[in-house]
Every structure is written in C-alpha cells, then in structure tokens.
Amino acid sequence: MPLLATLRKHKAAFGVSSVVNIGSILFGFDTGIAGGVVALGSFKEEFNLAGSATEYANASSNVVALLNAGAFFGALVPPLVTKFIGRKPLLAIAGLLFLLGGILQVASSGPTLGMVYGGRVVAGLGVGMISNVAPVFVAECAPRHLRGIMIILATIVLISTFFLTESPRWLAKQARYDEATKALCYLRSATVDSAEIQEEMAEIRAQIQEELTIARGRTIREIFERQNFIRVLWALAIGVFAMWCGHNAILYYAPVVFAQIGYTSQNSALMASGLFTCIKFASTIIFILGGVHFLRRKTLLIGGAFFMGVFLFSLGAILATHPPTAPGNGAGSPFAQAMMALIYLYVVAYSVSWGPLQWVYIGEIFPVRIRDYGMAIGAANIWLWNFVVSKITPTAILQIGWKTWLIFAACNIAATLLTCVLPETKDLSLEQMDILFGVVDESTRQRNIETNMQARVEKGLSISKSAQVVRTETLS
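Rules of the game
- Counting of residues starts from 1 at the beginning of each chain's written sequence and follows it residue by residue.
- At least 70 in pLDDT is required for a residue's local features to be given in this predicted model, at least 80 for side-chain atom pairs to be given and counted, and no such filter applies to totals for whole chains, interfaces and linings, which use all residues.
- Values reported for side chains reflect all heavy atoms of the structure, with hydrogen atoms and water molecules removed beforehand.
- Working definition: helices are DSSP H or I runs of at least four residues, strands are E runs of at least two. Numbering for both runs from the N terminus.
- Any two residues whose heavy atoms approach within 4.5 Å at even a single point are treated as in contact.
- Stacked, tilted and edge-to-face are the three classes assigned to paired rings of Phe, Tyr and Trp, where Trp is represented by its six-membered ring and a pair needs centres within 6.5 Å; plane angles under 30 degrees give stacked, over 60 edge-to-face, the rest tilted.
- Accessibility here uses a 1.4 Å probe with only protein chains present; expressed as a share of the type maximum, an area under 20% marks a residue as buried, one over 50% as exposed, and anything in between as partly exposed.
- Like-charged residues within 9 Å of one another, or nonpolar side chains (Val, Leu, Ile, Met, Phe, Trp, Tyr) within 5 Å, are grouped into patches, provided each residue has over 30% relative accessible area and no salt bridge.
- For accessible areas, the Shrake-Rupley method is used with a probe of radius 1.4 Å. Any residue's cover is judged against the shown protein chains and nothing else.
- Each salt bridge in this description consists of a side-chain nitrogen of Lys or Arg and a carboxyl oxygen of Asp or Glu lying within 4 Å of one another.
- To estimate how far a helix should extend, the number of its residues minus one is multiplied by 1.5 Å.
- For the purposes of this section, nonpolar cores are sets of buried Ala, Val, Leu, Ile, Met, Phe, Trp, Tyr and Cys residues that join through side-chain atoms within 4.5 Å.
- To define axes, lines are fitted to C-alpha atoms, for helices over the stretch in contact only, and angles between the resulting N-to-C directions are given on a 0 to 180 degree scale.
- Roughly parallel covers angles under 35 degrees, roughly antiparallel covers those over 145, roughly perpendicular covers 65 to 115, and oblique covers all other angles.
- Definitions for this section: a left-handed crossing has its near helix turned counterclockwise from the far helix by less than a right angle. A right-handed crossing has that turn clockwise.
- Just so you know the grouping, Ala, Val, Leu, Ile, Met, Phe, Trp, Tyr, Cys and Pro go in nonpolar, Asp, Glu, Lys and Arg go in charged, and all remaining residues, Gly too, go in polar.

In this structure, what is going on with the overall build of the protein chain? I would like to understand it.
Within the protein chain, the regular secondary structure consists of 23 helices and zero strands. In the protein chain, of all internal contacts separated by at least 6 residues, the share reaching a separation of at least 24 is 81%.

Spelled out as structure tokens, the structure:
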C-alpha cells in the first residue's frame, strides 16, 4: 500500500501512537539535558561541587541514577491497576508525576541537592509508568506491519490523553467485546462488518479463549509457565544487554566522556554532546522511515550489537594508546577526532537497532492475559540496570578510564551472539506470538478463528431474521 494511502487509512492509529509516545519526548528531554546540566560550571558552583572530582562524580551519578530508581518502581505499578482503570488514566497520572518532579527540580536551590533528588525520584515514577504502558498501548492499537514504526514514533501533539480511544485488546480482555470492536473500527478506519475487523476480532477472541482454557483467572503464576517464562527470559536478556551496551553511559555523561577524550572546555564538550544528540535523532528518523519496516528484528539487533562492540573496542584502544593528556593528543588532534568519530558512529548503530527495538520487542511478545505483568518485569529490569550503569559510570571513568569502554564492548559482542537465536517477531500479529513461542499450534489457532467468525456470522443472521420477523408483524 502506498505511503500516503497507509497514512490516511491508519490515521487514527497514528494519532493514538503520537499522543501515547509523548512520554518518549518527556523522558528523552530529561535524559538528554541531565548530563549537560550537571556539567555546567554554574551548577557546580550552586551546589558546591567544583572542588572535588570524586564528590562531583558521586553527585552527578545520584542526579542521573535516582530518576532510574524511581522509574524501576513506576514500571511495577501498571499491572496492579490497569485491570481496573485501563491504560488511558495511567498515562495521565504518569504525566502529572513527571510534572510534579519537574517542579521540584526547578524550585531547588543550593547548597544541598535534596529537592533535586526528590524531584528526580518523583519524575522517575512517571517515566517508569510511561515506559510500561506506552509500548503495550501502541502495540495493541497498531496494525502488525506498522507496529515497529508506531511504537517509537514521538510526535508533539496538542491534545490530551482524554481524547484517546482505549486499547481494543484491553477492552476484549475485560469481555467488553462491543467496545473493543468499536475501538478497533476507529483505529483501522473501517466498518464493523468489514473483513479486516471481523478477522482481527476473531483472532483476538480466539487467543483469549485459548488462554482461558489453559488456566482460569489471571494470575502472576502464569508468568512461570514454560512458554511464558521463555518470553520473560528473552525480555530480561534484551533489557540487560540494551543497558550494558554503553549508550546510556555516553548519553547521560556526554560532557564528561568528551572531556575524557580531550575536549575539556565546557563549551566544546557541550557542543560535542549536542552534535551527539542530533546524530542520534537523525539516525532514529532513518530507522522509522526504513529499517524497522523492511529489516528483520534479528538483523537489526545483530548488526547493531556487532558494530557497537567494534566501535567501543576501537575507542578504548585509542584512548589507551594515545591518551589526551599526552603532548599533541588534545582537542583537535587526529586521535581526538578519531575517538569523536567512533562515538558518533556508535550512536548511529545504537539508534537504528537496540535503542528503539528493545521497547518494540518487549512490548509485543507477551500474550494478552499476562501482558501487563510481562511488560512490568521487562521495563523494571531495564530501569534496574539503567540505574546501575548510570550510577557507576562517572566513578568508572574516573577510576579505570579506557577500560570502561572495553567492558561495554565485550557486552555488545555477547549480545551479538545471543540475538543469533532470538525468535523473530517482525510482521506477526500479537495473537500470533503464541504460535511463535509454542503455546498453540497454527492449525488449532486457525480453527478457533474460523469458529469465532462463524459464530459471529450466525449471530448476525439471527439478529437479521429477528428484525425481519418484527417488521413483518408490524406490517400485518
């Protein structure tokens, strides 16, 4: 289908995805400026951090890491409450928490960092909730062939979450099938009697009925059933390697990293950090427009991890053999420029692979009944290791220097090997994930879909006959 026709047909789904992913902008803005703010001379003077490198490293790691600590706990909230209030209200609550956290941070003043720390934790709670709800919400609302694009789409829009439709799969899970059908019609720009809607609703019903047959009730114990636990392990593995690939160490502390390779002045370090962010943004756009739509998940993850490992090994090697403290190796030297180029190439590899795909993959592999629990575990795992990496990075750069990048490089090579056996999910509907992970075979699923469609047809015929009888009696 041509691009413009696709946009017109799925305009509602794109609109929902844009609003939901406003959280990506909030989190991206926060993480993008945090490292730059703590590196400012005015910040160091305001909070008395200019005198000791060790004290500054500890304080800067606390400012960054506490947001991740709050996000860890925030990611655990949605599975406890979405059964009762749905996904829309949670997005609004998360936005309010982020707003409150921002107010606390802006209102803080030196010499103590208490309000900054408190604001970071509160904002982190909102970020964690968004990181859980947004990928699931978008995955449940998006057509399968556009799910990868929509899940990382973050368009600024001027409408609130109160104008969103609820997730059709969440409504179906609550046995609110009429509302689920209406929501799906809205998202697909189709009528209730269209083949597209009939088939997708039949597929959703079939999966829910199969899950009910396997186990009554909706309990966290289902997470530990073999097929589901395999999905949990994949979600945990993707999250661990995404956090230990080294990206967040550079993103959070870019001015410190660029100072490490020779760009020691505040302006040059901040300028290099800004260029890093611009390259990351441009690379992500390329990923949205091309990579995620045409290439397999495994291809992108394997290629991204391999090249990230190569670039970081090269960075560590140059930093070890040609340290910027040696004569002639400072800012502007060939070796400093080579290290800067490696960092920029690294962020390109990250932005077209592990950066967006970690959330895509985790958000799409779990079945409807335990999706909230599975996403909570996956998101909390990401924030836990995000906290660890962000906490230790300043100290690691200060204490072991170039060896820091060799550790991250080794993790990327390990990730390359792991993703060679990753189950491929591209172009599969959420309901087909059960087939991929062996919960049900394809023939059984197809029979269940056909049974649901036949039942709906018979119901429609019955209603039509009843209406005809009523009209005949009225005329007589």
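Next comes the rest of the account.
Would you explain the packing of aromatic side chains in this entry?
Remark: the centre distance and the inter-plane angle together describe each pair of aromatic rings, the angle taken between the planes. Counted by the stated rule, this structure contains eleven aromatic pairs. With 6.0 Å between their ring centres and 35° between their planes, Phe-224 and Phe-229 make a pair best called tilted. Phe-224 sits in the exposed class, given a relative accessible area of 58%. You can call Phe-229 partly exposed: its relative accessible area is 33%. Both rings, one in Trp-244 and one in Phe-408, keep their centres 6.0 Å apart while their planes meet at 40°; by these two values the pair is tilted. Taken together, the residues span a long stretch of sequence, with Trp-244 in the loop between α13 (226-243) and α14 (247-252) and Phe-408 in helix α21 (residues 403-418) at a distance of 164 residues.

Explanation requested: a nonpolar patch on the surface in the structure shown.
A cluster of nonpolar side chains, namely Phe-84, Ile-85 and Ile-93, defines an oily patch on the protein surface of about 300 Å² accessible area. Mapped onto the elements, Ile-93 comes out in helix α7 (residues 87-107). Judged by its relative accessible area of 38%, Ile-93 is partly exposed.

Teacher, can you tell me more about helix α11 (residues 177-188) here?
Owing to its 3.6 residues per turn, the α-helix aligns residues three or four sequence positions apart on the same side. Under the 1.5 Å per step criterion, the end-to-end length of α11 is 16 Å for twelve residues, consistent within 8% with the ideal 16 Å. Those residues of α11 that fall on the buried side of the exposure criterion are Tyr-177, Ala-180, Thr-181, Ala-183, Leu-184, Cys-185, Leu-187 and Arg-188. Within two residues after α11, Ser-189 carries a phi angle of roughly 55°, on the positive side.

When you look at the environment of Val-257 in this model, what are you seeing that I'm missing?
Following the sequence through the fold, Val-257 ends up in helix α15 (residues 254-260). Overall, the relative accessible area of 1% leaves Val-257 in the buried class. The sequence separation of Val-257 and Met-340 amounts to 83 residues, and the corresponding C-alpha distance is 9.8 Å. Not counting residues up to four positions away in its chain, the partners in contact with Val-257 are Ala-249, Ile-250, Ile-343, Ile-397 and Trp-405.

Is there a simple way to explain the nonpolar core in this structure?
A general tendency of soluble globular proteins is for nonpolar side chains to be buried together. In this structure, Phe-258, Ile-261, Phe-276, Leu-315, Ile-343, Trp-354 and Trp-405 are the most contacted members of the largest nonpolar core, which totals 77 residues. The dominant element in this core, judged by the number of residues it contributes, is helix α18 (residues 334-351), at ten residues. If sequence neighbours within four positions are ignored, Trp-354 has contacts with Ile-238, Phe-241, Ala-242, Leu-301, Gly-304, Ala-305, Met-308, Ala-415 and Thr-419.

Looking at this structure, how should I read the environment of Leu-301?
On the secondary structure map, Leu-301 appears in helix α17 (residues 297-321). Considering only alpha carbons, one finds Leu-301 and Leu-422, 121 residues apart in sequence, at a separation of 9.4 Å. Ignoring any residue separated from it by four or fewer positions in sequence, one finds Leu-301 in contact with Ile-238, Ser-353, Trp-354, Leu-357, Thr-419 and Leu-422.

Is there a simple way to think about the packing of α13 against helix α20 (residues 371-399) in this case?
In helix packing, the relevant descriptors are the interaxial angle and the interaxial distance, both defined with respect to the helix axes. Interhelical geometry of α13 versus α20 gives an angle of 25° and a closest axis separation of 9 Å. By the criterion of interaxial angle, the relationship of α13 to α20 is roughly parallel. Crossing angle aside, the handedness with which α13 passes α20 is right-handed. Here Val-232, Ala-235, Leu-236, Gly-239, Val-240 and Met-243 of α13 come into contact with α20, specifically with Ile-377, Gly-378, Asn-381, Ile-382, Trp-385, Asn-386 and Val-389. Here the contact of α13 with α20 is composed, by residue class, of nine nonpolar, four polar and no charged.

Help me understand the pattern of salt bridges in this model?
Should their charged atoms come close, side chains of opposite charge can pair. One pass over the full model with this rule turns up two salt bridges. Close ionic contact of Glu-179 with Arg-176 constitutes a salt bridge, the shortest N to O distance being 2.9 Å. For the salt bridge of Glu-364 with Arg-297, the shortest nitrogen-to-oxygen distance reads 3.2 Å. You can see Glu-364 sitting in helix α19 (residues 354-364) and its partner Arg-297 sitting in helix α17, a full 67 residues away along the chain. Here Glu-364 matches Arg-297 in class, with each residue buried.

None of the figures reported here should be taken as evidence of function without further support.
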